[in-house]
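Now for the letters of each chain:
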Amino acid sequence: MEILEVYRERVNSYIENYLSSISLNNSYQSELNNIMKYSVMAGGKRFRPILTYTVANLFGIDIQKVDSSACAIELIHIYSLIHDDLPIMDDDDIRHNQPSSHKVYGEAQAILAGDALQALAFEVISSDDLIDSVTKVKLLNLLSLSAFKMAEGQSIDLSIVSKEVDIELLNNLHKKKTGSLLNCSVMFGAILNPNISKKDLSILDSFSNIIGLAYQVQDDVLDVITSDEILGKRQNSDSEKNKPSYPSILGLDESVKKYEGLYQEALDEIILLSVNEKPLKDLTVKLMKRSF
């Protein structure tokens, strides 16, 4: 089995077991757990936890010490998707080729499920006995700041609907909305190594910021050229909502060149790492070539 699939299955299993472990007998509480499971286990690429596993593996970190961080980053991501899909936000009825959480359980329950997943992301790390207290504080601090930046980016995104914006504003917006969690995913893997050098930390921080922007530019392109079935959601959703995007500002061809150039810039960064960068290089190339 390919290593990325191993990571994907591992985080899926860990999340499912974790959510089952917090399920209580009270029927109202178990309903909340059902909503969370519906959203979390619906599918998804799991690129963020895969990044965490990949970076941690570069430094020989025991994979069992990585599980809670990989789980936490995905819980935050899923919470953001649940809330993004709400009618008052991006108003999307389909996610991962199934009805969005609010279409199945109602808006109020979907909001609560998102809130709960966000809270549990911090609990899963703080309760991990395999991670020392100093590292936990670093992980939790980064997670909280990243989640805030993501929310800030979403706020900016909502404020510019039907407005003309320049490329600088769009870049800054998506460095927060999309890039912050991708940065967190990479840096989680780095922080789990207590002996990592300042140079390697700096390289990975730069790398993650670059791929965070590349990933969003690529998403904007895929939103235009990919079918609903492959995307797992509505095609051309940005243009239908009058949301500024890279293709709408730069054009489709220039947007493709932009994200390909950013991924290449990221690849050039990690050559300077003190460890063998090949696993991270291979993953970056897969990200660049993704079709959904």
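Here, every reference points to the structure presented above.
The model shown is predicted, which means the values in this text are computed figures rather than measured ones.

Cut-off values and rules
Residues numbered from 1 in each chain as written. Predicted model: local features only at pLDDT ≥ 70, side-chain atom pairs only at ≥ 80, totals over all residues. Heavy atoms only, no water. Salt bridge = Lys/Arg side-chain N within 4 Å of Asp/Glu carboxyl O. Helix = DSSP H or I, 4+ residues; strand = E, 2+ residues; numbered from the N terminus. Buried < 20%, exposed > 50% of the residue type's maximum accessible area, 1.4 Å probe, protein only. 1 Å grid on protein atoms, 1.4 Å probe; cavity = no way out; pocket = protein on both sides within 12 Å on 5 of 7 lines; lining within 4 Å. Points joined across faces, edges and corners; volume = space filled by probe spheres on them. Nonpolar A, V, L, I, M, F, W, Y, C, P; charged D, E, K, R; others polar. Polar contact = N/O pair within 3.5 Å; in protein donor to acceptor, adjacent residues only side chain to side chain. Axes fitted to C-alpha atoms, helices over the stretch in contact; angles between N-to-C directions. Parallel < 35°, antiparallel > 145°, perpendicular 65-115°, else oblique. Contact = heavy atoms within 4.5 Å.

J.: Break down the pattern of salt bridges for me, with residues and values.
T.: Under the defined criterion, the tally for this structure stands at 12 salt bridges. Between Asp85 and Arg95 there is a salt bridge, with the nearest N and O atoms lying 2.7 Å from each other. Of this pair, Asp85 sits in the loop between helix H4 (67-84) and strand E1 (94-95) while Arg95 is found in strand E1, placing the two residues 10 residues apart along the sequence. The exposure classification of Asp85 matches that of Arg95, with both residues buried. One network of salt bridges, with partners in common, ties together Asp90, Asp157, Lys177 and Lys243.

J.: Which residues make up empty space enclosed by the protein, and what are the values?
T.: Evaluated as defined, the whole model comprises 1 cavity of 30 Å³ or more. Elements that contribute at least two residues to the lining of the largest cavity include exactly helix H2 (27-40), H4 and strand E2 (98-99). The greatest single-element share of the lining of the largest cavity, amounting to 3 residues, is contributed by H4. Its residues placed into classes, the lining of the largest cavity shows 6 nonpolar, 5 polar and 2 charged.

J.: Quick rundown of the side chain of His77? Include the residues and the values.
T.: In this structure, His77 sits in helix H4. A polar contact of 3.4 Å, which involves the side chain of His77, links it to the side chain of Arg48.

J.: Could you give an account of the packing of helix H14 (residues 252-270) against helix H15 (residues 278-288), with specific residues and numbers?
T.: The interhelical angle for the contact between H14 and H15, taken along N-to-C directions, is 180 degrees, at an axis separation of 10 Å. By the angle between their directions, the pair H14 and H15 is classed as roughly antiparallel. Residues Tyr259, Glu260, Tyr263, Leu267 and Ile270 of H14 form the contact with H15, whose own contacting residues are Leu280, Lys281, Thr284, Val285, Leu287 and Met288. Looking at the contact of H14 with H15 residue by residue, the class counts come to 8 nonpolar, 1 polar and 2 charged.

J.: For unusual backbone geometry, give the residues involved together with the corresponding values.
T.: Unlike most non-glycine residues, Arg46 shows phi in positive territory, near 60 degrees. Here the phi dihedral of Ser162 falls at roughly 65 degrees; this positive angle occurs in a residue that is not glycine. By relative accessible area, Ser162 is classed as exposed at 55%.

J.: Describe the environment of Ser80, listing the residues and the values that go with them.
T.: In this fold, Ser80 is placed in helix H4. Exposure remark for Ser80: the relative accessible area of 8% places this residue in the buried category. Separated by 133 residues in the primary sequence, Ser80 and Leu213 place their C-alpha atoms 18 Å from one another.

J.: Got a sec to walk through the layout of surface pockets? Specific residues and values, please.
T.: Here the second largest pocket defines a volume of roughly 270 Å³. In terms of lining, the second largest pocket is formed by 15 residues, of which the most central are Lys149, Ser180, Asn183, Asp205 and Asn209. Elements represented by at least two residues in the lining of the second largest pocket include exactly helix H7 (133-159), helix H8 (167-177), helix H9 (179-191) and helix H10 (198-225). Per-element tally for the lining of the second largest pocket: the top contributor is H9, with 5 residues. Looking at side-chain class alone, the lining of the second largest pocket contains 5 nonpolar, 6 polar and 4 charged residues.

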